[in-house]
Amino acid sequence: MYTLQIEHGIKDFGMWMGAYGADPLGRVESGVLAERIYRPVDDEHYVVLDLDFASRVEAAAFLDRLRSNVWSAPSASPALASGPKTRIVEQLNGAHRE
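Notes on the structure in this doc start here. (Residues numbered from 1 in each chain as written. Predicted model: local features only at pLDDT ≥ 70, side-chain atom pairs only at ≥ 80, totals over all residues. Heavy atoms only, no water.)

### A closer look at the sheet that holds strand β2 (residues 34-38)
For step 1, the next point in the chain: Ordered by their spatial adjacency, four strands build an open sheet running β2-β3-β1-β4, and the pairing between neighbours is antiparallel. Because the sheet does not close on itself, it has two edges, and the strands there are β2 and β4 (85-90). With strand direction ignored, the average angle separating the axes of adjacent strands in the sheet is 15°.
For step 2, the next point in the chain: Across five bridges, β2 lies against strand β3 (residues 46-53) in antiparallel orientation. (Pairing = 2+ DSSP bridges. Helix = DSSP H or I, 4+ residues; strand = E, 2+ residues; numbered from the N terminus. Axes fitted to C-alpha atoms, helices over the stretch in contact; angles between N-to-C directions.)

Next comes the structure, spelled out in C-alpha cells:
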C-alpha cells in the first residue's frame, strides 16, 4: 500500500471541501482505494490528506496530475492559501497492538 500525503493552507474549509468534492481528477478511477482528511485542531485554515493507492506508480501519476491540472491553475484550486507539501510513503506493516 502506498499513500500520497498532501498538506496545505486553505482560505476557507467549506470552499476547499466543495472543490475537493467536485473530484476533478476522478479519485476512484485514478486508483484511490481510501482517503482520509484531517484538520489540525488549532488551525482551521490547514488540511492534511492521505490518499491510498495499490501501487507507487498510481500514486505518482495522481500527484503529477494534481500538479499539472489542479494546482497550476488558481481557478481550479481557489481555496488554496499556500503551496501543497507532498510525499508518497509506503506502508511497511499493519497496525498491531499488543
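That shown, we press on.
### A few points about the layout of surface pockets
Gaps between atoms show up when a probe of the same size as a water molecule is rolled over them.
For step 1, the next point in the chain: Estimates place the volume of the largest pocket at around 330 Å³.
For step 2, the next point in the chain: What lines the largest pocket is a set of 21 residues, among which W16, Y20, L66, V70 and W71 lie closest to the centre.
For step 3, the next point in the chain: Mapped onto the lining of the largest pocket, the elements with two or more residues apiece are β1 (2-9), α1 (13-22), β3 and α2 (56-71).
For step 4, the next point in the chain: Its residues placed into classes, the lining of the largest pocket shows 17 nonpolar, two polar and two charged. (1 Å grid on protein atoms, 1.4 Å probe; cavity = no way out; pocket = protein on both sides within 12 Å on 5 of 7 lines; lining within 4 Å. Points joined across faces, edges and corners; volume = space filled by probe spheres on them. Nonpolar A, V, L, I, M, F, W, Y, C, P; charged D, E, K, R; others polar.)

### Points about the pattern of salt bridges
For step 1, the next point in the chain: In total, this model carries five salt bridges according to the counting rule given.
For step 2, the next point in the chain: Here E7 makes a salt bridge to R87, at a shortest N to O gap of 3.9 Å. Highlighted residues: E7 in strand β1 and R87 in strand β4, separated in sequence by 80 residues.
For step 3, the next point in the chain: Given the relative accessible area of 34%, R87 is considered partly exposed.
For step 4, the next point in the chain: The salt bridge involving D52 is made with R36; its shortest N-O contact spans 2.9 Å. Note that D52 is positioned in strand β3 and R36 in strand β2, a separation of 16 residues in sequence.
For step 5, the next point in the chain: Classification of D52 by relative accessible area gives buried; the value is 8%.
For step 6, the next point in the chain: For R36, a relative accessible area of 31% puts it in the partly exposed group. (Salt bridge = Lys/Arg side-chain N within 4 Å of Asp/Glu carboxyl O. Buried < 20%, exposed > 50% of the residue type's maximum accessible area, 1.4 Å probe, protein only.)

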